[in-house]
Amino acid sequence: MEASRSFSSVSCSGEKPYSLSVNPSKAPIRFSPKTLQKPSFVHKIPSYQPLSHGGRLAFVCSSRNPISGVVPANNADPDGGFAPADYDEKPREECGVVGIFGDPEASRLCYLALHALQHRGQEGAGIVTVNNNVLQSVTGVGLVSDVFNQSKLEQLPGESAIGHVRYSTAGSSMLKNVQPFVAGYRFGSVGVAHNGNLVNYRSLRAKLEDSGSIFNTTSDTEVVLHLIAISKARPFFLRIVDACEQLQGAYSMVFLTEDKLVAVRDPFGFRPLVMGRRSNGAVVFASETCALDLIEATYEREVYPGEVLVVDKDGIQSLCLMPHPEPKKCVFEHIYFSMPNSVVFGRSVYESRRAFGKILATEAPADCDVVIAVPDSGVVAALGFAEKAGVPFQQGLIRSHYVGRTFIEPSQRIRDFGVKLKLSPVRAVLEGKRVVVVDDSIVRGTTSSKIVRLIKESGAKEVHMRIASPPIIASCYYGVDTPSSEELISNRMSMEELRVFIGCDSLAFLPIDSMKKLYDEEAPNFCYACFSGNYPVLPTELKVKRVGDFLDDGLNSSLEFIDGGWVQASRNQVAQKTVSSS
């Protein structure tokens, strides 16, 4: 059934109703300021209480993250044998998404947009198009340029497309989990690409399997397709609303059917999703504005938290997915994930990072001769630090962009081999100097210690580390691949212990209060869970996903193996769930 063209809505941001049109020659659809009425369109927001910040316990096995258990920390230095070229231990953005409607070169534009989002995921890529009412898909493991070529793109004709780039800790066994997923159901076919993570995935999957659903992957995204298929709602986009009402956690998704493109963002707005338009009227959705820039689409606005946008030949329709609380946008998008040339959550990523560096120079100054960055993510913050401190910024570390996934080390072991493959110190910049090194974050700490050693071996007199984010003490459950909390070094060590471990002369992090002050009245609208352990959406199951801890994505493994990627919830968490649900 087609959507009613008199469909009414109000923007989820509380702004005035707006009108948009895919075809400039047509009169745009006008919306009256009232929400769509739908039976059972009810969503109760649980009155969760934030977890309190736990105290610091014994050095080796303590945990400052209140949601984690106590596990001995036995992180060996992973040097030797095969050295991972991707040596750095940064949190990984799980993926990036693209959606295009109304352009005869949709698949090629989608390919280019995914290339612009490659930093958000390097393990797999896929594109789905619709042609003659048939959804066609090409997916593969590797970079966008590895998966697609001219002949592959020729297999994807049509004026509408969705695309996805994915990061996972899995290797060869991840093919079935590469998105977009395509599924057929009794009223047609639907494709979906998802950025985020569902904290109630396990219970939803168990419920669906009890009802007879069969799953082909271990991805939480497949749950969404099953929920759409069993929904009794009409028309199609209300099936999406019906499905999303049952989801908890982070999701920015694009759906493709035979005649529609649908974009949806979770009520908290954890992950970014923006909308733009090309000069021919084609509508584009993407995780970041850098993707719009590459395909010459003009940025119009964000998809609002809790909003569903439905695009078809008659225009764009909007509705609020559900009543939503205060937004909780991921602050790490501005610290590390997003490209500096992107506008994310309505703010320039470049300006945010530059401001972080200036704050560090003001609140944690150091007597130094030169400021350098750990490339590439620390560069903009280092520029801000140098500008504020009145000290020259120079390239003291050169990054190699041509290293594959692994390198075979010579039989005679080379110390810090993985780091040396990717970062080369410039002795002329460092020798005899007091050096400030700016990086965006510290996760396990092993890479930072190697970088400091590298700089000192190049003749630096002093090395002062400045980190353009607060200490990370908690795992993320909203679509970011982070280590378990027990592996996060700031969760186990005091500042002085961490400084000694890294081997620098001084160490300072960006104070979280200063970060919030920078964002001013927008500060409450960001998620700081990885810095505090206070989760906006508590995991609602007795087990919670421990993102990034297991190496198999389930293609070859039994269901029992999936439990290896889950950790028992703490008693405090279960008590919080009981209170909030009572």
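Starting from 1, residues in each chain are numbered consecutively following that chain's sequence as written. Predicted model: local features are reported for residues with pLDDT of at least 70 only, side-chain atom pairs are reported and counted for 80 or more only, and whole-chain, interface and lining totals are derived from all residues. Hydrogen atoms and water are omitted, and side-chain values are computed over all heavy atoms in the structure.

Under the pairing criterion, centres of Phe, Tyr and Trp rings, with the six-membered ring standing for Trp, must be within 6.5 Å; the plane angle then separates stacked pairs below 30 degrees from edge-to-face pairs above 60, leaving the rest tilted. Counting across every chain of the model gives 12 aromatic pairs. When the ring of Tyr 111 is compared with that of Phe 148, the centres are 6.2 Å apart and the planes differ by 75°; the resulting orientation is edge-to-face. Taken together, the residues span a long stretch of sequence, with Tyr 111 in helix α1 (residues 106–116) and Phe 148 in the loop between α2 (144–147) and α3 (150–154) at a distance of 37 residues. Burial here depends on accessible area, computed with a 1.4 Å probe over protein chains only, as a share of the maximum for the residue type. Under 20% is buried, over 50% is exposed, and the range in between is partly exposed. Exposure remark for Tyr 111: the relative accessible area of 22% places this residue in the partly exposed category. A relative accessible area of 3% places Phe 148 in the buried class. Members of the aromatic cluster, connected to one another through ring pairs, are Phe 268, Phe 270, Tyr 477, Tyr 478 and Tyr 535. A ring is scored as having a charge over it whenever the NZ atom of a lysine or the CZ atom of an arginine sits within 6 Å of its centre and within 35 degrees of its normal. A cation sits over an aromatic face here: Arg 205 above Phe 215, 4.6 Å from the ring centre. Over the aromatic face of Tyr 528 sits the side chain of Lys 516, whose NZ or CZ is 4.8 Å from the ring centroid. Helix and strand assignments follow DSSP, with helices taken as H or I runs no shorter than four residues and strands as E runs no shorter than two, numbered in order from the N terminus.

Here the focus is the sheet that holds strand β11 (residues 274–278). Where strands meet in a sheet, backbone hydrogen bonds hold them as pairs that are either parallel or antiparallel. Strands are treated as partners if at least two bridges between them are detected by DSSP. Spatial strand order, β5-β4-β6-β3-β12-β11-β13: seven strands in an open sheet with antiparallel pairing. At either margin of the open sheet sits one strand with a lone partner, and together these are β5 (134–141) and β13 (297–302). Averaged over all neighbouring strand pairs, the angle between strand axes comes to 15°, with direction disregarded. Across seven bridges, the pairing between strand β4 (residues 124–131) and strand β6 (residues 160–166) is antiparallel. Bridge pairing links Thr 129 to Ala 161 in β6. Orientation is described by axes fitted as lines to C-alpha atoms, over the contacting stretch for helices, and by angles from 0 to 180 degrees between their N-to-C directions.

Glancing now at the pairing of strand β15 (residues 315–320). When you tally the buried positions in β15, you get six out of six residues, the bulk of the element. Here strand β14 (residues 307–312) runs beside β15; their pairing, made up of six bridges, is antiparallel. Within β15, the position partnered with Leu 309 by the bridge is Ser 318. Following β14, the chain reverses through two residues before pairing antiparallel with β15.

The subject of this paragraph is the nonpolar core. As used in this record, nonpolar core signifies buried Ala, Val, Leu, Ile, Met, Phe, Trp, Tyr and Cys residues forming a set joined through side-chain atoms within 4.5 Å. Among the nonpolar cores identified, the biggest contains 50 residues, and Phe 332, Val 371 and Tyr 478 are the most heavily contacted of them. Those elements that provide at least two residues to this core are α8 (332–337), α9 (349–363), β19 (370–373), α10 (379–389), β23 (434–439), α15 (512–519), β27 (526–527) and α16 (529–532). No other element matches α9, which puts five residues into this core. Judged by nonpolar contacts, the second largest core, of 32 residues, contains Val 190, Val 192, Val 224 and Leu 227.

Following the sequence through the fold, Ala 116 ends up in helix α1. Of the residues examined, Ala 116 reaches a relative accessible area of 15% and is grouped as buried. Residue contacts for Ala 116: discarding those within four places in its chain leaves Cys 290, Ala 291 and Leu 294. Between two residues, a contact is recorded if the distance between any of their heavy atoms is within 4.5 Å.

Here we come to the environment of Ala 193. Within the secondary structure, Ala 193 sits in strand β8 (residues 188–198). The class for Ala 193 is buried, based on a relative accessible area of 0%. Between the C-alpha atom of Ala 193 and that of Gly 126, which follows or precedes it by 67 residues, the distance is 9.1 Å.

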